[in-house]
Amino acid sequence: MTARIIDGKVIAADLRARVADEVARVKREHNLVPGLAVVLVGSDPASEVYVRSKHTQTQAAGMASFEHKLPADVSQADLLAVVAKLNRDPAVHGILVQLPLPKGLNTEAVINAIDPAKDVDGLHPNNAGRLAGGFEALSPCTPLGCIILTKSVHPSLEGMNAIVIGRSNLVGRPLVQLLLNENATVTIAHSRSRDLPGLVKQADLVYAAVGRPEMVRGDWLKPGATVIDVGINRIPKDDGKTRLVGDVAYQEALGIAGAVTPVPGGVGQMTVACLLVNTLRAACAIAGLPKPAVS
Ligand code: NDP
């Protein structure tokens, strides 16, 4: 048996198209143009690629895109002043400060300074707390993408056994909350968990968000499980270049899982698409409009 490959590229393109339709509708009916501001500090090449892609996709969805590039040696006060200005700007409905920030800047203080209503990365404690409490919240984009990919295989996750490997604020923890909201039974594993293969073996849904190349082996999986691989690991090739692999041994998983996301072409594709969803949601909420019919 070969697992079904969950095509993040196709699912993300479909989501972006639905966002674009809703953006056109709110423009037409309410004269509202959702706007996303991205703040990039320094010149980390990977961050620059992400920011460029966010800019292109935001514009393609019909939204306004604002970029703020600041030097790596910007002071904490000047960075906070940019965030405060964006908080006040009525054309900006979503604010994303690209992480990681250069050393010397206080990431937590910057996140805390973002207006929670515009916190489209879902990292502000208000949003994290609301999500943990089961209330309506802006949720982090990568976990949202993981849920959409899972639902492309299982429209209902009710009662399914899920394991989330990794407990970061960016991925693991919010993903656990979203799975609970879907009525899954969730195990959260991390570097101190005992018998990880044994825990994974019981799961119908496996989420790997660790950052260790191909750590999850095929023989850890329950036959037929759905595997969502969040990991993005760059490993050297013989020719001196690098290639991307996930946290799951993909070829092994193909022979045992029921469905699996590739790396690249899986979760990574969904993150920016979900950022657009969050920006549209934030714009509608700020304008007092009903929640848009895109998720
Ligand atoms: P973090 O480094 O913040 O967290 C990693 C987690 O993995 C920690 O909770 C850690 O446990 C756990 N862990 C580490 N080693 C082991 C182990 N041997 N066994 C079990 N658990 C372990 O990473 P992120 O959550 O930010 O990212 C995870 C991966 O996802 C990375 O590869 C990253 O590049 C990728 N990523 C992909 C995105 C996308 O768009 N596709 C977006 C964001 C991230 P502990 O807490 O005990 O230290």
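To start, this report covers the structure provided alongside it. These numbers were taken from a predicted model, which means no experiment stands behind them. (Residues numbered from 1 in each chain as written. Predicted model: local features only at pLDDT ≥ 70, side-chain atom pairs only at ≥ 80, totals over all residues. Heavy atoms only, no water.)

Remarks on the sheet that holds strand β4 (residues 94–97)
Defined as follows: Two strands qualify as a pair provided DSSP detects at least 2 bridges between them. Starting at the N terminus, helices and strands are each numbered in turn, a helix being any DSSP run of H or I of at least four residues and a strand any DSSP run of E of at least two. Angles shown run from 0 to 180 degrees and are taken between the N-to-C directions of axes, each axis being a line fitted to C-alpha atoms and, for helices, limited to the stretch in contact. We call two residues in contact whenever any of their non-hydrogen atoms come within 4.5 Å of each other.
Here we have three strands laid out as an open sheet, ordered β3-β2-β4, and parallel in their pairing. Each of the sheet's edge strands pairs with one partner strand only, and the pair in question is β3 (64–70) and β4. The average undirected angle you get between the axes of adjacent strands in this sheet is 15°. Bridge count for strand β2 (residues 35–41) against β3 is seven bridges, and the pairing is parallel. Within β3, the residue paired with V41 across the bridge is L70. Sheet contacts for helix α2 (residues 45–60): β2, β3 and β4; angle to β3, the most-contacted strand, approximately 160°.

So, the site of the ligand
Filter applied, for reference: One heavy atom suffices: a residue is near a molecule or strand as soon as one of its heavy atoms comes within 4 Å of it. Pairs of N or O atoms are called polar contacts if they sit within 3.5 Å, as long as, within protein, a hydrogen donor faces a hydrogen acceptor (for residues adjacent in sequence, only side-chain-to-side-chain pairs). Three classes are used, and their members are as follows: Ala, Val, Leu, Ile, Met, Phe, Trp, Tyr, Cys and Pro are nonpolar, Asp, Glu, Lys and Arg are charged, and the others, Gly among them, are polar.
Lining the immediate surroundings of the ligand are 22 residues, of which R167, S168, S191, I232 and T271 lie closest. Side-chain polar atom of S191 to an oxygen atom of the ligand: 2.5 Å apart, as the coordinates give it. I232 is positioned with one of its backbone polar atoms (N or O) 3.1 Å from an oxygen atom of the ligand. Grouping the amino acids of the shell around the ligand by side-chain chemistry returns ten nonpolar, ten polar and two charged.

Observations concerning the nonpolar core
Rule in force here: Here, the term nonpolar core denotes a set of buried Ala, Val, Leu, Ile, Met, Phe, Trp, Tyr and Cys residues that are joined through side-chain atoms within 4.5 Å. When accessible area is computed with a 1.4 Å probe and restricted to protein chains, residues below 20% of their type maximum are described as buried, those above 50% as exposed, and intermediate ones as partly exposed.
Grouped together as the largest cluster of nonpolar side chains are 54 residues, with contacts concentrated most on L15, V19, L179, Y207 and L280. The set of elements that each furnish at least two residues to this core consists of α1 (8–30), β2, α6 (141–151), β5 (161–165), α7 (172–181), β7 (205–208) and α10 (267–286). Considering every element that reaches this core, the biggest residue donor is α10, with eleven residues. Sequence-distant contacts of V19, that is, excluding residues within four places in its chain, are made with A61, M63, L276, V277, L280 and V294. The next biggest cluster of nonpolar side chains, apart from the first, holds 19 residues, and it includes A3, W220, V248 and V260.

A word on the side chain of E22
Looking at the secondary structure, you find E22 in helix α1. A residue is classified by how much of its surface remains accessible, and E22, at 12% relative accessible area, is buried. Excluding residues within four positions of it along the chain, E22 makes contact with L280, P292, A293 and V294.

Re the environment of A208
Within the element layout of this structure, A208 appears in strand β7. Overall, A208 belongs to the buried group, its relative accessible area being 0%. With residues up to four places along the chain from it excluded, the contact list for A208 reads I165, V216, I228, D229, V230, G231, D247 and V248.

Notes on unusual backbone geometry
Look at the link from L99 to P100: it is a cis peptide, with omega at 0°. Residues V263 and P264 are joined by a peptide bond in cis, for which omega reads 0°. Looking at the element boundaries, P264 is found in the loop between β11 (259–260) and α10. The residue N183 is not glycine, and still its phi comes out positive at about 65°. Note on placement: N183 falls in the loop between α7 and β6 (185–189). Overall, the relative accessible area of 45% leaves N183 in the partly exposed class. Phi is positive for D195, close to 50°, though the residue is something other than glycine. Tracing the chain through its elements places D195 in the loop between β6 and α8 (196–201).

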